[in-house]
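Report on the structure
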Amino acid sequence: KPFAGLIHPDDLPLLLDLFQRTMQGEEPPVFESRILTKQGNYLFFEFVIKLFLENGEIKGLMGISRHITERKKAEEKINMLAHAIKNSADCISITDKDYKLIFINDSFSKTYGFKEDEIIGQPISIINSENNLPEVNNDLFSSIEENKKWTGEVLNKRKDGTDFPIQLSLAPLLNDKGEFLAVIGVARDITERKHSEEEIKKTNEELTKINAEKDKFFSIISHDLRSPFSGLLGLT
């Protein structure tokens, strides 16, 4: 049967172009294509083709193929996860086992003010605030060294040196042998939330003060009016 009839229509132009260039003597590259199966569905294959020559005359083509559908599915899943991480609203970073940054997403760059080429390769300490309590830092790094997750609130530092509060989650990345490879951090700027909490706290304190003053006022009023009302009631 014509081999072209097995090729997915979207892949056919590229494949025919490769065949033609191979027939003209070019060294063909490894290429991928979707091939129609007897069951009527398409599977992904990786191909290498080679010319059959006899006395310098082309007699045919030999193709060696490898089924890569599962690999393509895995690649699509990886690409989807990479896209989700890159475009996440949370600040996502990855550090190697020496705590040097090897990846940041767009939100991280926007929030911290660093361009990717300015911070990749830098130690994670570049964004740590000196105003964190020592016990917080000790607990954080102890958890990672013990291959445990850590979640809490800490202060971080932007490129301009200003501190800001974040909600931070850290998790160690381990290989199949359980060996430590890297740390992934997910941070969220909670500056607005902290401002709201301060406003609520301030409002509650004012309400408590007003209630205390109201109770004191009513206590004074009731004490001062007790005698006149007693006389009035007696007269009545």
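Above this text is the structure in question.
Observations concerning the overall build of the protein
Summing up its helical and strand segments, the protein has 6 helices and 8 strands in all. Helices and strands in the protein line up, N terminus first, as α-β-β-β-α-β-β-α-α-α-β-β-β-α. Whereas a compact globule of 236 residues would reach a radius of gyration of roughly 18 Å, the protein reaches 35 Å, over 25% beyond that. Counting every position in the protein, which comprises 236 residues, the buried fraction comes to 25%. Partitioning the intrachain contacts of the protein with sequence separation of at least 6 by distance along the chain shows that 38% fall at a separation of at least 24. Accessible surface, the protein: about 16,700 Å² in total, of which carbon and sulfur atoms supply 56%. Distance between charge centres in the protein, computed from 31 positive and 39 negative side chains, equals 3 Å.

Overview of the sheet that holds strand S5 (residues 101-104)
Spatial ordering of the open sheet is given by S5-S4-S8-S7-S6, a layout of 5 strands whose pairing is antiparallel. Only two strands of the sheet have a single partner each, and these edge strands are S5 and strand S6 (150-157). Going across the sheet, the axis of each strand differs from the next one's by a mean of 30°, ignoring polarity. Where helix H5 (residues 134-145) meets the sheet, its contacts fall on S6, strand S7 (163-174) and strand S8 (180-189), and the angle it forms with S6 comes to roughly 125°.

A few points about the pattern of salt bridges
Under the defined criterion, the tally for this structure stands at 18 salt bridges. For Arg71, the salt bridge goes to Glu32, with nearest N and O atoms at 3.0 Å. With Arg71 in helix H2 (residues 69-86) and Glu32 in strand S1 (residues 31-36), this residue pair connects regions lying 39 residues apart in the sequence. Arg71 is paired through a salt bridge with Glu75; the nearest N and O atoms lie 3.4 Å apart. With Arg71 and Glu75 both in helix H2 and 4 residues apart, this pair spans about one turn of that helix. Shared partners join several salt bridges into a network, and the residues in it are Glu32, Glu46, Arg66, Arg71, Lys72 and Glu75.

Brief notes about the pairing of S5
Inspection of the sheet shows strand S4 (residues 91-96) paired to S5 by 3 bridges, in the antiparallel sense. Residue pairing across strands places Ile94 opposite Phe103, the latter belonging to S5. In this antiparallel pair of consecutive strands, S4 and S5, the connection spans 4 residues, and Tyr99 shows a positive phi of 65°.

Overview of the sheet that holds strand S2 (residues 42-54)
Ordered by their spatial adjacency, 3 strands build an open sheet running S1-S2-S3, and the pairing between neighbours is antiparallel. Pairing within the sheet leaves two strands with one partner each, and these edge strands are S1 and strand S3 (57-67). Here the strands of the sheet are splayed against their neighbours by 50° on average, with no regard to which way each runs. With 10 bridges joining them, S2 and S3 adopt antiparallel strand pairing. Across the sheet, Phe45 pairs through a bridge with His67, a residue of S3. On the sheet, helix H1 (residues 12-23) packs against S1, S2 and S3 and is oriented at approximately 15° with respect to S2. Set on the sheet, H2 makes contact with S1, S2 and S3; between it and S2 the angle comes to about 130°.

The rules behind each value
Residues numbered from 1 in each chain as written. Predicted model: local features only at pLDDT ≥ 70, side-chain atom pairs only at ≥ 80, totals over all residues. Heavy atoms only, no water. Helix = DSSP H or I, 4+ residues; strand = E, 2+ residues; numbered from the N terminus. Rg over C-alpha atoms; globule rule 2.2 N^0.38 Å. Buried < 20%, exposed > 50% of the residue type's maximum accessible area, 1.4 Å probe, protein only. Contact = heavy atoms within 4.5 Å. Areas by Shrake-Rupley, 256 points an atom, 1.4 Å probe, with all protein chains shown as cover. Lys, Arg positive; Asp, Glu negative; His and termini not counted. Charge placed at Lys NZ, Arg CZ, Asp CG, Glu CD. Pairing = 2+ DSSP bridges. Axes fitted to C-alpha atoms, helices over the stretch in contact; angles between N-to-C directions. Salt bridge = Lys/Arg side-chain N within 4 Å of Asp/Glu carboxyl O.

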